[in-house]
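Here's the letter readout for the chains.
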Amino acid sequence: MSTCPPENSLLTDQSTFWSSTGPNWDKHRIGWAVAGGCAWITLLISAISVMQHCRNYTKPREQRQVLRILYMPPVYAIIAFFSYRFFREYTYYSLVQTMYEAVTLSAFLFLIIEYVASTASDHNPENAVARRDKRPLPFPFCFLRYRPTKPYFMYTKMWIVDLQYTIIGPLGSIAGIICERYGVLCGSAGFNIHFASVWIQAIEFVSISVALYGLFVFYGLILAELEGKRPMFKFAAIKLIVMFTFYQSFLFQTLASHNVLKGTEYWPGTPRNVANGLNALAICVEMVFFSGFMWWAYTSKEYQRKPGMSATRIWRPLWDSINFSDFGREIVESLNVDYCCGKPSTRSRLMEEG
């Protein structure tokens, strides 16, 4: 049986920041302090943005999704800090990050659906897309055409854009954690088909690519309904985080595989440890800027309460944002045969929530 190459060789113990003589200011611990400081700044900026929405919680169906999206930078920053601090368990933390990426994309889709539903009769997004004519798919499938008026369009869109990745993303992370536990994940083995890492990454890559493509299709279809909502900036805030973290991870892993990055006394472990540490440190720094970008893109000014209205108590918005029962109901509802066939009585329950 194939065995994984060693990934966590111990060169020097760096399990503590302080010693009997004070802090150990070597390169690794300087990065430790920078990562922690950036994570705190990100958490502070995001907390202010979240608090503003909680105090002006005037459109719960939209803002519960906005809050979930605003959690993305601090979740990434905190996970990245622990990935740097406990770099030998980096794989576990990175898989948790993948889980929340699926949550964020789902929240963004549901937010877009709410925007569209608000312009349609009976708060039903299907009535909005029903006005569209047959059109070609975006590149590279522009030779194919689709008709939004078909009863199965919204059902297909929900699965292709969102629900399949909501399921596959977390399942892939759980599978990765199990494989890592039993020593068969082997991320350092690269594209070795004898280990689980390449197969899990391939499935997740196809899943998220399909989800993003479907989101582009839906975005182009309902662009008119999104006027004044700054959807491009909202989508860019999420997409840039996903792209930055993915491509820089690929870059660092490529440098490690070609022995450009090497473990030293101050960067302990294998080249893969160093690549993981640099990636985690970069994410911590980047999330400071992305949290500010999201504060601006998902501004609470769109939801300012009317004069004379009292501020909302923060506990209900926070509970709504971490209560993912709406995701579960949407998945169960989409498995309904009548829903698939587009019968009029099978409206999405997400659209009925208050």
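Residues numbered from 1 in each chain as written. Predicted model: local features only at pLDDT ≥ 70, side-chain atom pairs only at ≥ 80, totals over all residues. Heavy atoms only, no water.

Novice: Which parts of the structure should I look at to understand the side chain of Arg-68?
Specialist: Residue position: Arg-68 is located in helix H2 (residues 60-70). Taking relative accessible area as the criterion, Arg-68 reaches 0% and is therefore assigned buried. Among the polar contacts listed, one links the side chain of Arg-68 to the backbone oxygen of Asn-323, at a separation of 2.6 Å. Apart from residues no more than four positions distant in its own chain, Arg-68 is found in contact with Tyr-100, Thr-104, Ala-107, Asp-320, Ser-321, Asn-323, Phe-324, Asp-326 and Phe-327. (Helix = DSSP H or I, 4+ residues; strand = E, 2+ residues; numbered from the N terminus. Buried < 20%, exposed > 50% of the residue type's maximum accessible area, 1.4 Å probe, protein only. Polar contact = N/O pair within 3.5 Å; in protein donor to acceptor, adjacent residues only side chain to side chain. Contact = heavy atoms within 4.5 Å.)

Novice: Sorry if this is basic, but what is going on with the packing of aromatic side chains here?
Specialist: A ring pair, where both rings are aromatic, is described by two values, the distance of the centres and the angle of the planes. Summed over the entire model, instances satisfying the criterion amount to 7 aromatic pairs. For the ring pair Phe-244 and Phe-290, a centre distance of 5.6 Å and an interplane angle of 75° mean the geometry is edge-to-face. Pair noted here: Phe-244 is in helix H8 (residues 231-257) and Phe-290 is in helix H9 (residues 271-297), with a separation of 46 residues, a long-range link. Using a relative accessible area of 40% as the deciding quantity, one classes Phe-244 as partly exposed. Residue class for Phe-290 comes out buried when judged on its relative accessible area of 8%. A cation sits over an aromatic face here: Arg-230 above Trp-296, 4.3 Å from the ring centre. If you follow Lys-234 out to its NZ or CZ, it ends over the ring of Tyr-298, 5.6 Å from the centre. (Phe/Tyr/Trp six-rings, centres within 6.5 Å; stacked < 30°, edge-to-face > 60°. Lys NZ or Arg CZ within 6 Å of the ring centre and 35° of its normal.)

Honestly, it's all geometry; don't read function into it.
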